[in-house]
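# Summary of the model geometry
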Amino acid sequence: MSKHLSIIVGSMLGAAEYVADALDEVAKRAGYTTSIHLEPNLNDISVDSTWLVCTSTHGAGDLPDNIQPFAKQLKETELDQVKTYIIGLGDSSYDTYCYGAIEMEKILLQSGASLIHPPLHIDVLNHPIPEDKAVEWFEDVLADQ
């Protein structure tokens, strides 16, 4: 697995960006080089790197505006060599809880990418500081590899 982690962010209000920044630090401590993509574009992200997609859900279960063009690019690309982690942020009081992350998982898998670990869905009702839960999860995941 690549020791470069491409952190791909889908965010409307900034929470996923905070999570991405915290995960960036975890990855660097684990010996990864990293890049954070706040306006992800497939042309800027190596398919040879390990991907970590961190996205919130917006509106009626939609992907945030900044990651929608990237999701469209993925639908038109073969990603057999891509290995990825997925973290979703959501509010379980909505019936569209973590639909953004679920949609990204579906798109990635249909394009041939493989998940390194089952996705993490963070309920902001139970974890008002979602980066704490994400850091705990990612440290555990990396320790198991």
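Structure: see above.
This is a predicted model, so every value here is computed, not measured.

### Comments concerning the overall build of the protein
Scanning the protein for helices and strands turns up 4 helices and 6 strands. Start at the N end of the protein and walk to the C end: the helices and strands fall as β-α-β-β-α-β-α-β-β-α. Relative to the globule expectation of 15 Å for 145 residues, the C-alpha radius of gyration of the protein, 14 Å, shows essentially globular dimensions. Considered along the principal axes of its C-alpha atoms, the protein spans approximately 35 × 35 × 25 Å. For the protein, the residues scored as buried account for 46% of the 145 residues in total.

### Points about the nonpolar core
In terms of nonpolar packing, the biggest core is built from 24 residues, with Leu5, Leu52, Tyr85, Ile87 and Phe138 touching the most fellow members. When contributions to this core are tallied by element, the ones reaching two or more residues are β1 (4-10), α1 (15-29), β3 (50-56), β4 (83-90), β6 (120-123) and α4 (130-143). Top contributing element to this core by residue count: α1, with 7 residues. In this structure, Phe138 is in contact with Leu5, Leu23, Val26, Ala27, Leu52 and Tyr85, ignoring residues within four places of it in sequence. Counting residues in hydrophobic clusters, the runner-up holds 18 residues, among them Ile8, Leu42, Phe70 and Val82.

### Concerning the environment of Val19
Among the secondary structure elements, Val19 is positioned in helix α1. Residues Val19 and Cys54 lie 35 residues apart in sequence; the distance between their C-alpha atoms is 7.6 Å. In this structure Val19 touches Cys54, Leu89, Pro130, Glu131 and Ala134, once residues within four positions along its chain are discounted.

### Thoughts on the side chain of Ser49
Its place among the elements puts Ser49 in the loop between β2 (33-37) and β3. With relative accessibility at 4%, the residue Ser49 sits in the buried group. Among the polar contacts listed, one links the side chain of Ser49 to the backbone oxygen of Ser46, at a separation of 2.8 Å.

### Structural notes on α4
In this model, α4 (14 residues) spans 20 Å end to end at C-alpha, consistent with the 20 Å of a helix rising 1.5 Å per residue. When we look at burial in α4, the residues that qualify are Pro130, Ala134, Val135, Trp137, Phe138, Val141 and Leu142. Packed against the buried residues of α4 are β1, α1, β3, β4 and β6.

### Side note on the state of the cysteines
Under the criterion given, the structure shown has 0 disulfides. Looking at Cys54, it has no disulfide partner, and the nearest cysteine sulfur is the one in Cys98, 10 Å off. The exposure class of Cys54 is buried, given its relative accessible area of 0%.

### A few points about the layout of surface pockets
In this structure, the largest pocket spans a volume of roughly 310 Å³. As for the largest pocket, its lining consists of 18 residues, and the residues nearest its centre are Ser56, Thr57, His58, Leu89 and Gly90. Residue assignment for the lining of the largest pocket shows that the elements contributing at least two residues are α1 and β4. Partitioned by chemical class, the residues of the lining of the largest pocket number 9 nonpolar, 8 polar and 1 charged.

### What about the pairing of β1?
Along β1, 6 of the 7 residues are buried, which leaves the element largely enclosed by surrounding structure. Here 5 bridges tie β1 to β2, and the two strands are oriented parallel to one another. Note that in β2 the partner of Ile8 across the bridge is His37. In this structure, β1 lies alongside β3, joined through 6 bridges in parallel fashion. Residue pairing for β3: Val9 is matched across the bridge by Cys54.

Cut-offs used in this document
Residues numbered from 1 in each chain as written. Predicted model: local features only at pLDDT ≥ 70, side-chain atom pairs only at ≥ 80, totals over all residues. Heavy atoms only, no water. Helix = DSSP H or I, 4+ residues; strand = E, 2+ residues; numbered from the N terminus. Rg over C-alpha atoms; globule rule 2.2 N^0.38 Å. Buried < 20%, exposed > 50% of the residue type's maximum accessible area, 1.4 Å probe, protein only. Core = buried A, V, L, I, M, F, W, Y, C linked by side-chain atoms within 4.5 Å. Contact = heavy atoms within 4.5 Å. Polar contact = N/O pair within 3.5 Å; in protein donor to acceptor, adjacent residues only side chain to side chain. Expected span 1.5 Å × (residues − 1). Disulfide = S-S within 2.5 Å. 1 Å grid on protein atoms, 1.4 Å probe; cavity = no way out; pocket = protein on both sides within 12 Å on 5 of 7 lines; lining within 4 Å. Points joined across faces, edges and corners; volume = space filled by probe spheres on them. Nonpolar A, V, L, I, M, F, W, Y, C, P; charged D, E, K, R; others polar. Pairing = 2+ DSSP bridges.

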